[in-house]
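Structural features, examined
Here's the letter readout for the chains.
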Amino acid sequence: MTTPLAITDLSTLDDQRLRAELEALLEDAVNGGASVGYHAPLDARWKRAFWDGVAAQLLGGAHRLLIARGPDGELLGSVQLALCTKPNGAHRAEVQKLLVFTRHRRNGVARRLMAAVEDAARGLERSLLVLDTLKGDRGEPFYEATGWHRAGVIPGYTVEADGAFHDTVLFYKTL
């Protein structure tokens, strides 16, 4: 089943209601096992600090945040696009932190967010996108199924909650 949704590309993050929703989204992702830089249980200070950082990046102009809302206005998920600002990288960007509330997964939200972030990148004249995901994570087959190409694996890139080093898979997509 595909959930009807609206996707918005945000240039600021000053709405406190939205910030609270985004904090809940990050907490849900981390507590659901997503490897997005934090371990469960997610402390409130990390939720605030994470979205404070995103807000600052948005103000800098080299970062985009796309959110998906359901027909009732409920936040379903988000994804970020970090634009390379160096002269030799003006054609590329990095897709970051694709997050979908666990209760809305497997309904096409992630797929729609990825299509929207790719469209946003095209609109910004970006022709190469990169991203990374934890090896063995559910994101790995998802990215392959949506046309992303595996570039390689970085061994021991992250330390997960179990204290062990885990590999990260790098992906790219030419638009």
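Structure: see above.
Residues numbered from 1 in each chain as written. Predicted model: local features only at pLDDT ≥ 70, side-chain atom pairs only at ≥ 80, totals over all residues. Heavy atoms only, no water.

**Some remarks on the sheet that holds strand β4 (residues 92–100)**
- Across the sheet, seven strands lie side by side as β1-β2-β3-β4-β5-β7-β6; this open sheet has mixed pairing. Only two strands of the sheet have a single partner each, and these edge strands are β1 (6–10) and β6 (149–159). Adjacent strand axes in the sheet meet at a mean angle of 25° when their direction is disregarded.
- Looking at chain direction, strand β3 (residues 75–83) and β4 are connected through six bridges and run antiparallel. Bridged to L81 within β4 is V95.
- Strands β1, β2 (63–69), β3 and β4 of the sheet are contacted by helix α1 (residues 16–31), whose axis makes an angle of about 90° with β3. (Pairing = 2+ DSSP bridges. Helix = DSSP H or I, 4+ residues; strand = E, 2+ residues; numbered from the N terminus. Axes fitted to C-alpha atoms, helices over the stretch in contact; angles between N-to-C directions. Contact = heavy atoms within 4.5 Å.)

**Here we look at the pattern of salt bridges**
- Tallied over the full model, the rule gives eleven salt bridges.
- Across the salt bridge formed by R19 and D52, the nearest N and O atoms sit 2.3 Å from each other. Residue R19 is found in helix α1, and its partner D52 is found in helix α2 (residues 44–60); the two are separated by 33 residues along the sequence.
- Accessibility expressed as a relative area gives 43% for D52, which makes it partly exposed.
- Among the ionic pairs, R45 bridges to D43, the shortest N-O distance being 3.3 Å.
- Its relative accessible area of 37% is what places D43 among the partly exposed residues.
- Several salt bridges share partner residues, and in doing so they unite R17, E21 and R69 into one network. (Salt bridge = Lys/Arg side-chain N within 4 Å of Asp/Glu carboxyl O. Buried < 20%, exposed > 50% of the residue type's maximum accessible area, 1.4 Å probe, protein only.)

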